Amino acid sequence: MATVEARPDRQAVARRLLDSSSELSYDPATEVDWETPLDAAHHGMSPEWCSLYGTAYWAEMSPEQQRELTRQESASVASTGIWFEMILQQMILRDFYAKDPTDPAFQWALTEIADECRHSIMFARGSAKLGAPAYRPKRLVIELGRAFKTVAYGEAAYASILVAEEVLDVMQRDWMRDDRVAPFVRTINNIHVVEESRHMKFAREETLERLQGAGWLRKQINGLVVAIVSYCIVTSMVSPKVYANAGLDTRRALREARANQNYKSMMRSSCAGLMEFLNSAGLLTKAATWFYQRANLI
């Protein structure tokens, strides 16, 4: 990635993030209750965030089926988070390779990677406790991610990181406050929200830093790249396999989920602040907007 001279204010942000991390961080191995068996009376997410909530199919499902579907979807979202966190870690390591280790931004980058490693393990253990299999994106998306993590740099990398973090942040803020959600899932969400708030601050700062002096064409290209990445992330969050694993008719479930206006509205509302930031940064281009609309983010 392009080398950018650290500005004093950028260093100050990194120092504040390091201080915050030292004061408020969690160890999921001890903070999350891994020992208490899963209570099937709880949801895996707030039902309103389920892809079928509000549909005719949802109304026909028993409460047990509804809870099982939310648990499967929660695990699918977590699996998608693990997949992108692995991409994120590789991009940040590549970005800070051979840079000044005394720079607070360098130290924060390593701190963020350490956070993401813990988050991925936490999500993996949480998915297993929810009784879900390993959900993975489609093969094409996996290969596109492999290429992206290898070549992405600058604002394209950090704005993409921001998209993944912000989409999860809004929904998890709802889940962590919802008594209907399994207590251990709420703890996982709380940990992720607290620690990801620092990651989002860093991603915004790095995006703006890398955009300094960027011309129209560069913003057009990178705006499109970020939008395509966003589309791949969002459309991978709910695997089609969750419906079969919840005992549902996959074809009908997919048909009703694709037409579900409630879910689309929830996604759009969750991304309002993100779209405002991308627009102010010059990355919400006409071509990018098409992909965001297809992903129901705008």
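Placed above this text is the structure.
Throughout what follows, the structure given in this document is the object of discussion.

Criteria and thresholds
Residues numbered from 1 in each chain as written. Predicted model: local features only at pLDDT ≥ 70, side-chain atom pairs only at ≥ 80, totals over all residues. Heavy atoms only, no water. Core = buried A, V, L, I, M, F, W, Y, C linked by side-chain atoms within 4.5 Å. Buried < 20%, exposed > 50% of the residue type's maximum accessible area, 1.4 Å probe, protein only. Contact = heavy atoms within 4.5 Å. Helix = DSSP H or I, 4+ residues; strand = E, 2+ residues; numbered from the N terminus. Salt bridge = Lys/Arg side-chain N within 4 Å of Asp/Glu carboxyl O.

What to know about the nonpolar core
Okay, step 1: Counting residues in each nonpolar core, the largest one holds 89 residues, and the members touching the most others are Leu52, Leu69, Met171, Tyr243, Met267, Leu278 and Tyr292.
Okay, step 2: For leucine 278, the residues in contact, after removing those within four places along its chain, are Ala159, Val163, Leu283, Leu284 and Tyr292.

Things to note about unusual backbone geometry
Okay, step 1: We note that alanine 98 has phi near 65°; this positive angle belongs to a residue other than glycine.
Okay, step 2: Mapped onto the elements of the fold, alanine 98 is located in the loop between helix 4 (63-95) and helix 5 (104-129).
Okay, step 3: Given a relative accessible area of 68%, alanine 98 falls into the exposed group.
Okay, step 4: Although it is not a glycine, asparagine 296 adopts a positive phi angle of roughly 60°.
Okay, step 5: Among the structural elements, asparagine 296 can be located in the segment after helix 14 (286-294).
Okay, step 6: A relative accessible area of 22% means that asparagine 296 is categorised as partly exposed.

Describing the side chain of arginine 67
Okay, step 1: Counting through the fold element by element, arginine 67 comes out in helix 4.
Okay, step 2: Contact partners of arginine 67, with chain neighbours within four places excluded, come to Ala40, Ala41, His42, His43 and Gly44.

Describing the pattern of salt bridges
Okay, step 1: All told, the structure shown has 19 salt bridges when counted by the stated rule.
Okay, step 2: Put simply, arginine 173 and aspartate 169 hold a salt bridge, and the shortest N to O gap is 2.8 Å. In this pair, arginine 173 and aspartate 169 are both assigned in helix 7 (residues 154-176), 4 residues apart and thus about one turn of the helix distant.
Okay, step 3: With a relative accessible area of 29%, arginine 173 lands in the partly exposed category.
Okay, step 4: For the salt bridge of glutamate 205 with lysine 201, the shortest nitrogen-to-oxygen distance reads 3.4 Å. Placement of both glutamate 205 and lysine 201 in helix 8 (residues 183-211) is noted, with a separation of 4 residues, approximately one turn of the helix.
Okay, step 5: Where salt bridges share partners, they join Arg10, Asp95, Lys99, Glu206 and Arg210 into one cluster.

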